[in-house]
2 protein chains.
Amino acid sequence: MTVLGVALDTEVVQGDDIPSLIDKAIREKNLGLSDGDVVAVTQKLVSKAEGRTAELDQHDFKAKLELIKEESTRIVRRKGELVIAETPHGFVCANAGIDASNVERGVVTLLPKDPDRSARRIQRYLSRSHDADIGVVITDTFGRAWRVGQVNIAIGCAGIEPMTDHRGTVDRYGNELVATLIATADELASAAELVMGKTKMTPIAVIRGSGVKTGRGKAQDLVRHHRDDLFR
Amino acid sequence: MTVLGVALDTEVVQGDDIPSLIDKAIREKNLGLSDGDVVAVTQKLVSKAEGRTAELDQHDFKAKLELIKEESTRIVRRKGELVIAETPHGFVCANAGIDASNVERGVVTLLPKDPDRSARRIQRYLSRSHDADIGVVITDTFGRAWRVGQVNIAIGCAGIEPMTDHRGTVDRYGNELVATLIATADELASAAELVMGKTKMTPIAVIRGSGVKTGRGKAQDLVRHHRDDLFR
């Protein structure tokens, strides 16, 4: 598997045509996409193009909390200025995904309204442009309940099966694998982060040879239902 | 970045010299390791060699619960036969890491006693053998609180800094990144899983060009302290 970072040297603003911008950046790197390739794109890029930004002085906690409430359906935990909220998508994350990094001062980005839909738009464009079955993952860095640090996960995807289901398959010892459902889309996002970095202007990555199944799954399917959730 | 799966065609048993077995498998693939390469190894392989296995009929829930209790310091949540436990390492995971897949019938693997130490042994051997600074990550698939499916994470590491700390650095807009601490070791583990698969006998992966910093960090550092944990 190879993971290649693709830089973008233009500033993205509301209304920009993200699919064609991504395609152009990939072509400028002389990367021809082919069946099974997955293109990872940061939430930041998508949110800016979709106008999902707000003015906020991130040091004004009261204003920040107001915005978090607007962007969430529920505050899951709060400890001082640390706020873990549930978004309308069902994501549980710090600050409801509001993020002040890699955006101009005094402005924050919000999560895309429907990241799966955003992914599909990009996926259709790239698949047509390259005449191939391309997968797309829209990524964001989320914290975890019991572990330090953030990892990139998939908040949107298209053209792939976000989960690899090993349940029912049999290992070489004849054991049926009963509980192995891998969140492949999240692993693709994490692999992409390693080449994207955080302050570097590399909001796109092309992943080749991951073996991910093409399909019609959504990242929304990776959200655990409330009824199955022991920690919400 | 490239991620290459390395198959192992021998059956690992207690007492096997894992560092030399891994080195041999890598050399048989004609992969010369060089500075900055990271070798990911599954928990399963390490646990088997270290004799961290137990006899258990995984369908006997009462016996399984007893073993989970022995392997954990605390049951964090329980819902029917689903048991989320905290291990002596501080990991919060299903069944305290007890796993019946890819092991002979009637036997389960337990987590290594000290996965960072296991990683260091492998790291020292490979670094000497290849006269290079090699990183090692020992991986296991863990579930997450609010998301469906499991992802590979690092339960042990050596030769690398498991976290990439962007705090205090300034993005291109002059914003200081205040809360960006990436769990790089976990992302390396997730990238490795994409080539390891689950039923395939590929318990080793070589990751090149990840840009991870060499260092002396431990995967133990990725365990969130109880005092900072809002969900334990």
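Residues numbered from 1 in each chain as written. Chains lettered and ligands numbered in written order. Predicted model: local features only at pLDDT ≥ 70, side-chain atom pairs only at ≥ 80, totals over all residues. Heavy atoms only, no water.

A. Representation of the overall build of chain A within the structure. From N to C terminus, chain A includes five helices and 12 strands. When each of the 232 residues of chain A is scored for burial, the buried share is 61%. The contacts of chain A with a sequence gap of at least 6 include a subset with a gap of at least 24, amounting to 64%. (Helix = DSSP H or I, 4+ residues; strand = E, 2+ residues; numbered from the N terminus. Buried < 20%, exposed > 50% of the residue type's maximum accessible area, 1.4 Å probe, protein only. Contact = heavy atoms within 4.5 Å.)

B. Main features of the relation of the copies chain A and chain B. Mapping chain A onto chain B is achieved by rotating through 180° and translating by 0.0 Å along the same axis, at an RMSD of 0.0 Å. Seen this way, the second copy is the image of the first under a two-fold rotation axis. Of the residues that chain A buries at the interface, 100% are likewise interface residues in chain B, meaning the two copies contact each other through the same surface. (Least-squares fit on C-alpha atoms with pLDDT ≥ 70 in both.)

C. Spotlight on the sheet that holds strand S6 (residues 92-94) of chain B. Residues and elements named next belong to chain B. Pairing within the open sheet is antiparallel, and its three strands lie in the order S4-S5-S6. Every other strand in the sheet has two partners, leaving strand S4 (74-79) and S6 as the edge strands with one partner each. Neighbour-to-neighbour, the strand axes of the sheet open up by a mean angle of 20°, direction not taken into account. Relative to strand S5 (residues 82-86), S4 runs antiparallel, the two being bridged by five bridges. (Pairing = 2+ DSSP bridges. Axes fitted to C-alpha atoms, helices over the stretch in contact; angles between N-to-C directions.)

D. Quick peek at a positive patch on the surface. Residues and elements named next belong to chain B. A grouping of Arg117, Arg120, Arg124, Arg128 and Lys218 is seen on the molecular surface, where their side chains present a positively charged patch. Topologically, lysine 218 is positioned in the segment after strand S12 (204-208). With a relative accessible area of 40%, lysine 218 lands in the partly exposed category. (Patch = residues over 30% accessible without salt bridge, like charges linked within 9 Å, V, L, I, M, F, W, Y side chains within 5 Å. Areas by Shrake-Rupley, 256 points an atom, 1.4 Å probe, with all protein chains shown as cover. Salt bridge = Lys/Arg side-chain N within 4 Å of Asp/Glu carboxyl O. Lys, Arg positive; Asp, Glu negative; His and termini not counted. Charge placed at Lys NZ, Arg CZ, Asp CG, Glu CD.)

E. Local environment of the sheet that holds strand S5 (residues 82-86) of chain A. All names here are of chain A. Pairing within the open sheet is antiparallel, and its three strands lie in the order S4-S5-S6. Each edge of the open sheet is held by one strand with a lone partner, namely strand S4 (74-79) and strand S6 (92-94). In this sheet, adjacent strand axes meet at a mean angle of 20° when their direction is disregarded. Relative to S6, S5 runs antiparallel, the two sharing three bridges. Paired with alanine 85 across the bridge in S6 is cysteine 93.

F. The arrangement of the interface of chain A and chain B in detail. With 70 residues of chain A in contact, the opposing surface of chain B contributes 70 residues. At the boundary of chain A with chain B, total buried surface from both sides reaches about 6500 Å², with 56% on carbon and sulfur atoms. When the area that chain A buries against chain B is broken down by residue, the three leading residues are A:Trp146, A:Arg147 and A:Leu194, summing to 13%. Where chain A touches chain B, the interface holds four salt bridges. The salt bridge partner of B:Asp186 is A:Arg147, with a shortest N-O separation of 2.9 Å. (Buried area = accessible area lost by both parts, 1.4 Å probe.)

G. Looking closely at the environment of B:Ala185. Mapped onto the elements, B:Ala185 comes out in helix H5 (residues 184-196). Residues B:Ala185 and B:Phe91, 94 residues apart in the sequence, show an inter-C-alpha distance of 15 Å.

H. Up close: the pattern of salt bridges. Within the structure shown, the criterion is met by 22 salt bridges over all chains. A salt bridge links B:Arg74 to B:Glu86, with the shortest nitrogen-to-oxygen separation between them at 3.3 Å. Of the two residues, B:Arg74 is situated in strand S4 and B:Glu86 in strand S5; the sequence distance between them amounts to 12 residues. Look at B:Arg74 and you get partly exposed, because its relative accessible area is 33%. One continuous salt-bridge network, built from bridges that share partners, spans A:Arg144, A:Arg147 and B:Asp186.

I. Structural detail: helix H4 (residues 115-130) of chain A. All names here are of chain A. Here H4 spans 22 Å end to end across 16 residues, near enough to the 22 Å set by a 1.5 Å rise per residue. What H4 keeps buried is the set Pro115, Asp116, Ser118, Ala119, Ile122, Gln123, Leu126, Ser127 and His130. Seen end-on, H4 carries its buried residues on one side only, within an arc spanning 155°. Summarising the geometry of H4, the exposed residues directed more than 90 degrees from the buried face are Arg117 and Arg128. Those residues of H4 hidden inside the fold are in contact with helix H1 (18-28), strand S2 (38-42), helix H2 (43-49), strand S8 (135-143) and strand S9 (150-158). Taken from the residues just after H4, aspartate 131 is the one with a positive phi, measuring 50°. (Expected span 1.5 Å × (residues − 1). Arc of directions from axis to C-beta.)

J. Main features of the packing of aromatic side chains. Taken as a whole, this structure holds four aromatic pairs over all chains when the rule is applied. Summarising the aromatic geometry, the rings of A:Phe91 and A:Phe142 are spaced 5.9 Å apart at their centres and angled 75° between planes, so their arrangement reads as edge-to-face. Within this pair, whereas A:Phe91 is found in the loop between S5 and S6, its partner A:Phe142 is found in strand S8, the two being separated by 51 residues in sequence. Like A:Phe91, the residue A:Phe142 is buried in the burial classification. Where B:Trp146 meets B:Phe231, the ring centres are 4.8 Å apart and the plane angle is 75°; that geometry is what we call edge-to-face. Linking B:Trp146 in the loop between strand S8 (135-143) and strand S9 (150-158) with B:Phe231 in the segment after S12, this pair joins segments that are 85 residues apart in sequence. By relative accessible area, which is 4% here, B:Phe231 ends up buried. (Phe/Tyr/Trp six-rings, centres within 6.5 Å; stacked < 30°, edge-to-face > 60°.)

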